[in-house]
Amino acid sequence: MNARTLHCGSVMHCLGNPASGGRLERFEKGALLVSADGYVEAVGPEEALLPGLDAEVVRHDGHVIVPGFIDCHVHFPQLDIIASFGEQLMDWLDRYAYPGEMRLADIEYARELADLFVDALLAYGTTSALVFATVHPHSAEVLFEAALEKDLRLIAGKVLMDRGAPEALLDTPESAYADSRALIERWHGRGRLGYAITPRFALTSSEAQLEQAGRLAAEYPDVWMHTHLAENDREIEAVTKAFPWSSSYLDVYDRYGLVRERSMFAHCLHLSDAERRRMAESGSAAAFCPSSNLFLGSGLYDLERMREAGVRTGLATDVGGGTCLSMLRTMGDAYKVLQLNGQVLAPAEALYLATLGAAEALGVDAHVGNFVPGKEADFVILDPAATRLSAHRDMHTTSLDERLFVLTTLGDDRHVAATAIKGTLHSQA
Ligand SMILES: [Zn+2]
């Protein structure tokens, strides 16, 4: 495409965190101007942008345009075991997650799953994600290949795991270092891709392996670090036993230099004030995974306390502990979790957590997260009338915020009319 494109519809995007006074910009009859090479040129009321403009005009009447969703924590190999019955974290890993991940020893199978995953992200309106692969280096390779083909902004890594899991899924401290390093050299910074050093969690890495992870983190400061933290009571007890010298769960990672800028910790449900303070001062971030936390019965995320402590939060599906790749539905689940915790998540803040807030948590907000001119034009065209029920409910809304809230409660992939990656629309089949 050579021409600039003006996408007309209702537009919403966050300029800051609405919970701390940041603005949610809304245009009922809005428009988004995208350059020929896929960057945001302007956003505003249609009547201000359209007259005399030399651009192709695409109308999305009745639809809502929001920035592409950003999933801060998701496991692509677990599409195999999503919706597995009856267990909490530790048994769920043994019974479902590990056996499922063994199948990715077969590279062709891994490739098929990576393609399915990337297409599914687009179908749900997710344009950026931080992703767990499996222990097999080729699982990260095939995922990067699939993401590069569609030009997703994707950060991923091979899992580091040298104990506490089935033999077939174990690496060693040395292979973990060498394989991660080779993947970083090959993929980090290529297109919109990034690499994340990915120890599964403290219990599945020996101290020797955590040391190697820390060595990588020091050698590659602009590479991400991605792991789990304080998800489940039994897990936390086991960490205390496995690392008797540690003062907290976070302290285990801290000892090895893994608590830093560009560190993303999934869950963070059972933290002390000292751990929250340490996360904030180190510039590391938390992934709030409401669907997974409900499904595995892990606990309730305390958004207010994390915000007060100055810890950045991004929203995440955590499939397959989470039950849906839809960030719309995850926003709805976040609302419910916070209700159980005596907190109210306004639609504006839910949108923030799934877009700009997630971009800030990942440190990619210079590129994506909202429609500030110069950013990559990743966006989602939402159709509130995609189902008969949601169409009916939408008729009774009185504001854009309410329309968005209804979408986070009733919406899923059917409500994603199209997803744009750097201005290129991928329509739903
Ligand atoms: Zn997870």
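Provided above is the structure to which this section pertains.
One structure accompanies this document, and this report is about it. This one's a predicted model, so the numbers in the text were calculated from it and none came from an experiment.

With respect to helix α3 (residues 107-123)
Okay, step 1: Here α3 spans 24 Å end to end across 17 residues, near enough to the 24 Å set by a 1.5 Å rise per residue.
Okay, step 2: At its buried positions, α3 is contacted by β6 (126-132), α4 (137-150), β15 (416-421) and β16 (424-427).
Okay, step 3: Among the residues trailing α3, G125 stands out with phi positive, at a value near 90°.

Quick look at the sheet that holds strand β2 (residues 24-34)
Note on sheets: strands pair through backbone hydrogen bonds, and any given pair is parallel or antiparallel.
Okay, step 1: The mixed open sheet is built from 7 strands, whose spatial order is β3-β2-β1-β4-β14-β15-β16. The open sheet terminates on both sides in strands that have one partner only, identified here as β3 (40-45) and β16. Recorded for the sheet is a direction-independent mean angle of 35° between the axes of neighbouring strands.
Okay, step 2: Sheet topology places strand β4 (residues 56-67) next to strand β14 (residues 379-382); 4 bridges connect them, and they run antiparallel. In the strand pairing of β14, V64 is matched with L382.
Okay, step 3: Helix α16 (residues 400-410) contacts β1 (5-14), β2, β4 and β14 of the sheet and is inclined by roughly 85° relative to β1.

Here we look at the nonpolar core
Looking at soluble globular proteins, one finds that nonpolar side chains tend to be buried together.
Okay, step 1: Residues V131 and L143 are the most contacted members of the largest nonpolar core, which totals 145 residues.
Okay, step 2: A domain-level breakdown of this core finds at least three residues from each of domain 1 (5-67 + 370-427) and domain 2 (69-325).
Okay, step 3: Other than its neighbours up to four places away in sequence, V131 contacts V74, F76, L143, L154, I155 and A156.

Things to note about the packing of α3 against α4
Okay, step 1: It is at 9 Å that the axes of α3 and α4 come closest, and there the two elements cross at 40°. Looking at the two axes, α3 sits oblique to α4. Classified by chirality, the crossing of α4 by α3 is right-handed. Contacts between α3 and α4 involve I107, A110, R111, A114, D115, V118 and L122 on the former and, on the latter, H138, S139, V142, L143, A146, A147 and K150.
Okay, step 2: Across the contact of α3 with α4, the residue classes break down as 9 nonpolar, 2 polar and 3 charged.

A word on the environment of V259
Okay, step 1: Of note, V259 is situated in the loop between α8 (249-255) and β11 (263-267).
Okay, step 2: V259 sits in the buried class, given 23 other C-beta atoms within 10 Å.
Okay, step 3: Taking the C-alpha atoms as reference points, V259 and E281, 22 residues apart in sequence, are found 9.7 Å from one another.
Okay, step 4: In this structure, V259 is in contact with L250, Y253, D254, R278, S282 and S284, ignoring residues within four places of it in sequence.

Cut-offs applied
- Note on numbering: residues in each chain are counted from 1, in written sequence order.
- Side-chain atom pairs in this predicted model are given and counted only at pLDDT of 80 or more, local residue features only at pLDDT of at least 70, and totals for whole chains, interfaces and linings cover all residues.
- Secondary structure is summarised from DSSP: a helix means a run of H or I of at least four residues, a strand means a run of E of at least two, and numbering begins at the N terminus for each.
- Multiplying 1.5 Å by the residue count of a helix minus one yields the expected span of that helix.
- Each residue is represented by a C-beta atom placed from its backbone, and any two residues with such atoms within 7 Å are regarded as in contact.
- Here, strands pair whenever DSSP counts at least two bridges between them.
- Lines fitted to C-alpha atoms define the axes, with helix axes restricted to the stretch in contact, and inter-axis angles between N-to-C directions lie between 0 and 180 degrees.
- Nonpolar cores are identified as sets of buried Ala, Val, Leu, Ile, Met, Phe, Trp, Tyr and Cys residues joined via C-beta atoms within 7 Å.
- Buried, partly exposed and exposed are defined by the number of other C-beta atoms within 10 Å of a residue's own C-beta, namely 20 or more, between the two limits, and 12 or fewer respectively, with C-beta atoms placed from the backbone.
- Reported domain spans reflect what an automatic or database domain assignment gives.
- Relative orientations are named as follows: roughly parallel for angles under 35 degrees, roughly antiparallel for angles over 145 degrees, roughly perpendicular for angles from 65 to 115 degrees, and oblique for any other angle.
- What makes a crossing left-handed is the near helix being turned counterclockwise from the far one by less than a right angle; a clockwise turn instead makes it right-handed.
- Here the term charged refers only to Asp, Glu, Lys and Arg, the term nonpolar to Ala, Val, Leu, Ile, Met, Phe, Trp, Tyr, Cys and Pro, and the term polar to all other amino acids, Gly among them.

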